[in-house]
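Here are the chains, one letter per residue:
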Amino acid sequence: VVDDSDVALRFMARCLARYGLGVQLAHSGEEALQRVASGRFEFVFMDVNMPGIDGYQTCKLIKKRPYPAGRRAPKVVMLTSRGGID
């Protein structure tokens, strides 16, 4: 789970843990990229709006990085607490 809000991180961790999923937390897009590079993940749940590398750019970087044979990029689920219509 990637979010710059500690409240959102704790909320998502609790929600996902109910389904028996192992959860790792990252506070930025940069931290998420480091974790994805060094680990194996099926999913990345990520906030859209973050300082530094935002969620959209982080998603693009996760998807285009090279992965070892037999290993695919994780599925990225974008999250936001923004409301309204742009």
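Scroll up a little and you will see the structure.
Everything quoted here is computed from the prediction, not taken from an experiment. (Residues numbered from 1 in each chain as written. Predicted model: local features only at pLDDT ≥ 70, side-chain atom pairs only at ≥ 80, totals over all residues. Heavy atoms only, no water.)

A.B. asks: Could you give an account of the overall build of the protein chain, with specific residues and numbers?
C.D. replies: When its secondary structure is counted, the protein chain shows three helices and two strands. For the protein chain, the sequential pattern of α-helices and β-strands runs α-α-β-α-β. Over its C-alpha trace the protein chain gives a radius of gyration of 13 Å, about what one expects of a compact globule, namely 12 Å for 86 residues. Structurally, the protein chain occupies a C-alpha span of about 40 × 30 × 20 Å along its principal axes. In the protein chain, of all internal contacts separated by at least 6 residues, the share reaching a separation of at least 24 is 53%. Entry remark: accessible area of the protein chain is about 5,800 Å², with carbon and sulfur atoms responsible for 55%. Across the protein chain, 13 positive and 9 negative side-chain charges occur, with their mean positions spaced 10 Å apart. (Helix = DSSP H or I, 4+ residues; strand = E, 2+ residues; numbered from the N terminus. Rg over C-alpha atoms; globule rule 2.2 N^0.38 Å. Contact = heavy atoms within 4.5 Å. Areas by Shrake-Rupley, 256 points an atom, 1.4 Å probe, with all protein chains shown as cover. Lys, Arg positive; Asp, Glu negative; His and termini not counted. Charge placed at Lys NZ, Arg CZ, Asp CG, Glu CD.)

A.B. asks: Talk me through the pairing of strand β2 (residues 75-79); I want residue IDs and the actual numbers.
C.D. replies: Pairing analysis gives five bridges linking strand β1 (residues 43-47) to β2, with the strands arranged parallel. The residue bridging Val44 from the neighbouring strand is Val76, located in β2. In the classification by handedness, the crossover that spans β1, the intervening helix α3 (residues 55-64) and the parallel β2 is right-handed. (Pairing = 2+ DSSP bridges. Right-handed = clockwise from strand over helix to strand, strands pointing away.)

A.B. asks: Describe the nonpolar core, naming the residues involved and giving the relevant values.
C.D. replies: The biggest cluster of nonpolar side chains holds eleven residues, and these are Val2, Ala26, Ala32, Val36, Val44, Met46, Met50, Cys59, Ile62, Tyr67 and Val76. Looking at this core, the elements with two or more residues in it are α2 (29-38), β1 and α3. Within the second largest apolar cluster, five residues are counted, among which are Val1, Met12, Leu16 and Phe45. (Core = buried A, V, L, I, M, F, W, Y, C linked by side-chain atoms within 4.5 Å. Buried < 20%, exposed > 50% of the residue type's maximum accessible area, 1.4 Å probe, protein only.)

A.B. asks: Quick rundown of the pattern of salt bridges? Include the residues and the values.
C.D. replies: The full count for this structure, using the stated rule, is one salt bridge. Arg35 is the salt-bridge partner of Glu31, the closest N and O atoms lying 3.2 Å from each other. Taken together, the residues span about one helical turn, with Glu31 and Arg35 both in helix α2 at a distance of four residues. Judged by relative accessible area, Glu31 falls into the partly exposed class, the value being 22%. (Salt bridge = Lys/Arg side-chain N within 4 Å of Asp/Glu carboxyl O.)

A.B. asks: Could you give an account of α2, naming the residues involved and the relevant values?
C.D. replies: Those residues of α2 lying buried are Gly29, Ala32 and Val36. Mapping the buried residues of α2 onto a view down its axis gives an arc of 55°, with all of them on the same face. Residues of α2 that are exposed and angled more than 90 degrees away from the buried face: Gln34 and Ser38. Residues of α2 that are buried sit in contact with β1 and α3. (Arc of directions from axis to C-beta.)

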